[in-house]
Number of protein chains: 2
Amino acid sequence: MRDNPELHFTREEYNARLRHIWAAMQARQIDLLLLSDPCNLYYASGYDAWSFYVPQCLLVEAGNPEPVWIGREMDRRGAYLTSYLASGDIEGYPDDYVQAADRHPMSFVASVIRSRGWEGAAIGIERNSYYLGAGAFEVLDRELPAVTWIDAGNLVNWVRVRKSPAEIAYMRQAARIVERAMGVGIETIRVGIRQCDVAAAIYAALISGTSEFGGQYASSPPLMPSGSRADTPHLSWTDERYAAGSITNFELVAARFRYHVPLARSVSLGSPAEAVRKLERALVAGIDAVLSQLRPGVRADEVEAMWQDAAQTFGVRKKARCGYSIGIAYPPTFGEQTVSLRPGDDTVLEAGMTLHLMPAVWQEGASLAITEPLLVTESGCEALCRFERCLFVRS
Amino acid sequence: MRDNPELHFTREEYNARLRHIWAAMQARQIDLLLLSDPCNLYYASGYDAWSFYVPQCLLVEAGNPEPVWIGREMDRRGAYLTSYLASGDIEGYPDDYVQAADRHPMSFVASVIRSRGWEGAAIGIERNSYYLGAGAFEVLDRELPAVTWIDAGNLVNWVRVRKSPAEIAYMRQAARIVERAMGVGIETIRVGIRQCDVAAAIYAALISGTSEFGGQYASSPPLMPSGSRADTPHLSWTDERYAAGSITNFELVAARFRYHVPLARSVSLGSPAEAVRKLERALVAGIDAVLSQLRPGVRADEVEAMWQDAAQTFGVRKKARCGYSIGIAYPPTFGEQTVSLRPGDDTVLEAGMTLHLMPAVWQEGASLAITEPLLVTESGCEALCRFERCLFVRS
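Conventions used here
- Residues numbered from 1 in each chain as written.
- Chains lettered and ligands numbered in written order.
- Predicted model: local features only at pLDDT ≥ 70, side-chain atom pairs only at ≥ 80, totals over all residues.
- Heavy atoms only, no water.
- Contact = heavy atoms within 4.5 Å.
- Buried area = accessible area lost by both parts, 1.4 Å probe.
- Salt bridge = Lys/Arg side-chain N within 4 Å of Asp/Glu carboxyl O.
- Polar contact = N/O pair within 3.5 Å; in protein donor to acceptor, adjacent residues only side chain to side chain.
- Helix = DSSP H or I, 4+ residues; strand = E, 2+ residues; numbered from the N terminus.
- Nonpolar A, V, L, I, M, F, W, Y, C, P; charged D, E, K, R; others polar.
- Pairing = 2+ DSSP bridges.
- Right-handed = clockwise from strand over helix to strand, strands pointing away.
- Axes fitted to C-alpha atoms, helices over the stretch in contact; angles between N-to-C directions.
- Least-squares fit on C-alpha atoms with pLDDT ≥ 70 in both.

Asks: Sorry if this is basic, but what is going on with the interface of chain B and chain A here?
Replies: When the parts come together, some accessible area is lost, and that loss is often what is quoted as the size of the interface. The partner chain A presents 72 residues to the 72 residues of chain B that form the contact. Contact with chain A buries surface across chain B, with B:W50, B:R77 and B:H234 losing the most and accounting together for 12% of the total. There are eight salt bridges connecting chain B and chain A. Linking B:D231 and A:R77 is a salt bridge whose minimum nitrogen-to-oxygen distance equals 3.8 Å. One can count 44 residue pairs in polar contact (both at pLDDT 80 or more) joining chain B with chain A. Within the residue set of the side of chain B that touches chain A, elements represented by two or more residues are α3 (76-82), α5 (134-143), α8 (195-208) and β10 (333-340) of chain B. Counting residues per element, the side of chain B that touches chain A draws most heavily on α8(B), at eight residues. Its residues placed into classes, the side of chain B that touches chain A shows 31 nonpolar, 21 polar and 20 charged.

In structure tokens, the structure reads:
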């Protein structure tokens, strides 16, 4: 493990991460882990560059503190610059492997696996990672016939679930940034201004950050559907001007050293209808219920029930999950793909876990998003953001 | 095909797209195309939402002008709002399929394929799409044993290669936006300002757009490594303050209705070294050579040779490809994954193709990025942006 001042964590912290990963590998009889998810590359090695649009991976051998990075030749410099990896463990494939019809980068990966003596190993893969494609695995499988492939699932994602104090410190910084950006959005929005101009102001706040620390690009853009589009999740902005009487749901997310903290609030341009006010009360009552009851030892599905029970007294029930684990992210999502706050998820929550309590409700005519990023503490739970929990009204 | 005022193209244009796709399917004996790439969903149906972090697809049957969208239940509204698809052809899987250990959204997709009578069809898949994972295909393959799977490769990407006048009009709008953002970056950067504050100003310009049209989120963030990091591709900004004597490579990209136009320029804070000036002359001479010689009928590898030959007179040779096709994009890339300007790519260029001529060079101590998005015209080629082609010097 090479010292590198660009790293965001101590050598001890990286060593502890590797030890946790090795333990999880051992439990599944995995000799070598082939990581594809850029979040997991970053977590295990520090590697951080916008290179995941071409195949790349990190090979972590059980018990071996020196993983091997394989990516595009031109990205070897970035791997050296941002990680603790030794130069000899940074392998690059030539540029004519990139998006070529006649060869695949995974052939190069297979050759590295053979050259390092792992051609008969039990290799864990992230079968459902965004960045291990069907074609990539087919090449690996064909070119390494003696390998036993084991679906490692979200092995490293699950190791990431409990955050260290250093990780929590970065998440608190991201929380400061997202609060600021939300404030800018709520101050900037008004009847007659273009949606894209409000989005521009929000982006500037997310990236400029505070006077002490800046923001990074996030895994996801601000989602901020307005008016008739506000009933629909996952839409961004348009060129249209905000209309009187419309509601806008701001779902923002800030990133600090790849640690993401999301926050959502809704704004009404003019007095909201009573049905909307009722929905607001339901969402907030649900959040209050969770904040007062969530503590280590509670299960994920119990948290969902806390929210639903409180919201139910206002006649509101959410069909989709009420939240999920958060932390390191790259496109296309800031969800950690581990804990989900929904029926059937029996994960026992522990101190150091960070969750996005996400009780947004989209329904015809009354849709709101009021959410809270949470940290499970030793004795209970803490909202990472300090931002008034309500439907904002502007004109 | 349902009329929908939210669509960005005419019904005739969508019909023409489908006809081109059917022809390509027929040539490969594909009955049904299962599209995973969000660019191709958008191109074929108009569907546009940030939902691709969960499995989704569009089923295009040869000769059938009514494709079928399958995604998450909560995204059905977005599919109806943004596409021409009929309500009955928008199928949603329940939320407990999302990132669950015990079930996979592709089981739902398999059930739709069976229920519509395609369980014995020859189905084309995008085996190397970012959004068809190894795990997703495994489920499809297991649950549809009578299907003949055909790797459709980048079938729709290749249909997208020739742009229509309406597409080119949007790319010209994106070109106006990226010019403006580059101007903001070059005006804002100075010794002592934080990198993240310049990034914030650039983002605001990319999203605010012009007074006539706004920008959208792009597939990729601004890449803008500076100083010792400028020798490394694919890095973004930091919190550091710009140092005197440093060089910064701005690689920006603007998006208009998902059509992306990139542009890169370098800035030197103080007088650049002679080696850097020489590199500048090489990059610009290469671009001039391509602009004066590229015309329909020329091959992609010949374009690369045009650039290399001109740069070679300054002693510069680029190892990686010199450019690629551009158009519709979602994360993680704005490359179209079709034409590459490199040796061995014998694609014959045609009018309506749009390319990013990307002769950036990263090498120890002298790295610059001066690039041009190009449109192949009937008689030659045109730079989509009008932005001085040089290394800028600021203090």
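Asks: Before we go on, may I ask you to explain the side chain of B:T371 in this structure?
Replies: All names here are of chain B. Locating T371 in the fold gives a position in the loop between β11 (354-357) and β12 (372-376). Polar contacts involving the side chain of T371 include one to the main-chain amide nitrogen of A264, which spans 2.9 Å. At 2.8 Å, the side chain of T371 and the side chain of H356 are in polar contact. Discounting chain neighbours no more than four positions away, the residues touching T371 are L263, A264, R265, I287, H356, L357, M358 and P359.

Asks: It is not clear to me how the pairing of strand β6 (residues 148-151) of chain A should be interpreted in this structure. Could you clarify?
Replies: When a strand is regular, its side chains alternate between the sheet's two faces. All names here are of chain A. Where strand β5 (residues 122-125) and β6 come together, four bridges link them in parallel fashion. Across the sheet, the residue bridging to I125 is D151, located in β6. Note on the crossover from β5 through helix α5 (residues 134-143) to β6: the handedness is right-handed.

Asks: Hey, could you run me through the sheet that holds β5(A) in this one?
Replies: Backbone hydrogen bonds hold the strands of a sheet together, and the pairing may be parallel or antiparallel. All names here are of chain A. With mixed pairing, the six strands of this open sheet are ordered in space as β4-β3-β2-β1-β5-β6. If you trace the sheet from one side to the other, it starts and ends with β4 (90-93) and β6, each paired once. Between one strand and the next, the sheet's axes are offset by a mean angle of 25°, whatever the strand orientation. Strands in contact with helix α1 (residues 11-27) are β1 (32-35) and β2 (57-61); relative to β2, the strand with the most contacts, it is inclined by about 75°. In the packing of helix α4 (residues 105-115) onto the sheet, the strands contacted are β1, β2, β3 (68-72), β4 and β5, and the crossing angle to β4 comes to about 145°.

Asks: For this particular structure, what's the right way to read the relation of the copies chain B and chain A?
Replies: Relating one copy of the chain to the other requires a rotation about an axis plus a shift along that axis. Superposition record for chain B on chain A: RMSD 0.0 Å, screw rotation 180°, translation along axis 0.0 Å. Taken together, the rotation angle and the small translation identify this as a two-fold axis. Here 100% of the interface residues in chain B have copies in chain A that are interface residues too; the copies meet face to matching face.

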